Amino acid sequence: MRVLVTGGAGYIGSHTVVSLLESGHEVEVVDSFVNSKPSAIRRIEEITGRAVPAHSVDLRDRAAVSGLLADGRFDGVIHLAALKAVGESMQEPLAYYDNNLGSTYSLLQAMAEHDVRTFVFSSSATVYGAKAPVPYREDFEPLESSSPYGQTKVMIERVLEDVAVADPEWRIALLRYFNPVGAHESGLIGEDPQGVPNNLVPFIAQVAVGRREKLSIYGGDYPTEDGTCERDYIHVSDVAAGHVAALEHLVASAPQVRAWNLGSGTGTSVLQMIKAFERACGRELPYEIVDRRPGDLAAFWADPTRANAELGWAATRTVDDMCADTWRWQSANPTGFPD
Ligand code: UFG
């Protein structure tokens, strides 16, 4: 297939582009580059030996998006471009609603205009909300999320349901990610957060490489086995493979709109993750336990039964693989992608 990947220079996008190319698809990228660098594209080309056309466009620019989709150049779109920092979304909710919703509306309108109706959407486990029982099942209705970032995912899922009802030609995958971590096994691409990392594994990696003094663990008194929060960490290359599987399933089986969990089905605590990273980098990592972070849930993980059965997809890489690959990327690229 000829696939347009929005946010294709970003963390999950870059790995998804590699997986698509390795599965025989043709790929172009559109990215605003506000949170990513063009050198990520060059690294994808180095890994795959293929040229990847990349367009620097803000998706809210409807005319530009329409131009990209013109002339029947694409069979489907994988939409990952979004702002994604939970804490920042609490400070700047309008920026999040404007960007994440506006870019999606513009993209969907341009797709309908040019008769492209195969769509894979980057959603999140956060749509299950704070009250859903664990593990989160794919048939649970998204209720509400605790942040404006998460609300944009809930709202877009709802918009996509409505779009599919109004026009049965649409084929839509809702991929609910749990906690993607790790890096490509080559060490050439990986997560490159701008500023202080919000997420656990990028922060640990920066401590390991000497960019940060120590990790703060947000809360040691949760009702979990060791008192720290548990999450369902999933290797980003497994997440990328999930996109390819979902896209191919949309074409082969033609569901109208369907949600799948991209998670492993097991929880790992913050302390267990630190220990795994210590094994990967070969040294002890300094940390201290501090107050809880507002909004964090104690523990959640996926029930990926539907993704396993319908997509023929499952997470294959272990927590030790995730840490080893993150460390390979971080130690080879201590300050992330080159400018
Ligand atoms: N944590 C620390 N110290 C840090 C960073 C994180 O102890 O410096 C802890 C958090 O308290 C949490 C765990 O590590 O218990 C994981 O935190 P992350 O920030 O890595 O991930 P979250 O589970 O909070 O967030 C993820 C995604 C969001 C999504 C959210 C809810 O990154 O996009 O899950 O599904 F919204």
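See the structure printed just above.
Residues numbered from 1 in each chain as written. Predicted model: local features only at pLDDT ≥ 70, side-chain atom pairs only at ≥ 80, totals over all residues. Heavy atoms only, no water.

## Section: unusual backbone geometry
1) Next: With an omega of 0°, the peptide bond running from V134 to P135 counts as cis.
2) Next: Note that P135 resides in the loop between β5 (118-124) and β6 (136-137).
3) Next: Located in the positive-phi region is F33, a residue other than glycine, with phi close to 60°.
4) Next: You can see F33 is positioned in the loop between β2 (26-31) and α2 (38-48).
5) Next: Although it is not a glycine, D115 adopts a positive phi angle of roughly 65°.
6) Next: Mapped onto the elements of the fold, D115 is located in the loop between α5 (93-113) and β5.
7) Next: Assessed through its relative accessible area of 59%, D115 is described here as exposed. (Helix = DSSP H or I, 4+ residues; strand = E, 2+ residues; numbered from the N terminus. Buried < 20%, exposed > 50% of the residue type's maximum accessible area, 1.4 Å probe, protein only.)

## Things to note about the packing of aromatic side chains
1) Next: One pass over the full model with this rule turns up eight aromatic pairs.
2) Next: Relative to W327, the ring of F277 has its centre 6.2 Å away and its plane inclined at 80°; by these criteria the two rings are edge-to-face. In this pair, F277 sits in helix α9 (residues 270-281) while W327 sits in helix α11 (residues 319-332), placing the two residues 50 residues apart along the sequence.
3) Next: Given a relative accessible area of 0%, F277 falls into the buried group.
4) Next: Their ring planes at 50° and their centres at 4.8 Å tell us that W329 and F337 sit as a pair that is tilted. (Phe/Tyr/Trp six-rings, centres within 6.5 Å; stacked < 30°, edge-to-face > 60°.)

## Here's the deal with the state of the cysteines
1) Next: Taken as a whole and judged by the stated rule, the model has zero disulfides.
2) Next: Note on C229: no disulfide assigned, nearest cysteine sulfur contributed by C323 at a separation of 17 Å.
3) Next: By relative accessible area, C229 is classed as buried at 6%.
4) Next: C323 supplies the cysteine sulfur nearest to C281, a cysteine that is in no disulfide, at a spacing of 8.9 Å. (Disulfide = S-S within 2.5 Å.)

## Topic: the site of the ligand
1) Next: Lining the immediate surroundings of the ligand are 20 residues, of which L200, S216, C229, R231 and D296 lie closest.
2) Next: In this structure, an oxygen atom belonging to the ligand sits 3.4 Å away from a side-chain N or O atom of Y149.
3) Next: Taking R293, its side chain carries an N or O atom lying 2.8 Å from an oxygen atom of the ligand.
4) Next: Protein burial of the ligand: of its 690 Å² of free accessible surface, 89% is covered by the chains.
5) Next: The leading source of residues in the shell around the ligand is strand β9 (residues 215-218), at four residues.
6) Next: Of the residues in the shell around the ligand, the class split is 11 nonpolar, six polar and three charged. (Near = heavy atom within 4 Å. Polar contact = N/O pair within 3.5 Å; in protein donor to acceptor, adjacent residues only side chain to side chain. Areas by Shrake-Rupley, 256 points an atom, 1.4 Å probe, with all protein chains shown as cover. Nonpolar A, V, L, I, M, F, W, Y, C, P; charged D, E, K, R; others polar.)

## Quick notes on the sheet that holds strand β1 (residues 2-6)
1) Next: An order of β3-β2-β1-β4-β5-β7-β12 is seen for the seven strands of this open sheet, with the pairing classed as parallel. Because the sheet does not close on itself, it has two edges, and the strands there are β3 (54-56) and β12 (257-262). Between one strand and the next, the sheet's axes are offset by a mean angle of 20°, whatever the strand orientation.
2) Next: Relative to the sheet, helix α1 (residues 11-22) contacts β1, β2, β4 (76-79) and β7 (171-177), its axis offset from that of β2 by approximately 165°. (Pairing = 2+ DSSP bridges. Axes fitted to C-alpha atoms, helices over the stretch in contact; angles between N-to-C directions. Contact = heavy atoms within 4.5 Å.)

## Let's talk about the pairing of β4
1) Next: A two-sided burial pattern is seen for β4, the buried positions comprising G76 and I78 on one face and V77 and H79 on the other.
2) Next: Relative to β4, β1 runs parallel, the two sharing four bridges. Within β4, the position partnered with V3 by the bridge is G76.
3) Next: Across three bridges, β4 lies against β5 in parallel orientation. Across the sheet, residue H79 finds its bridge partner in β5, namely F121.

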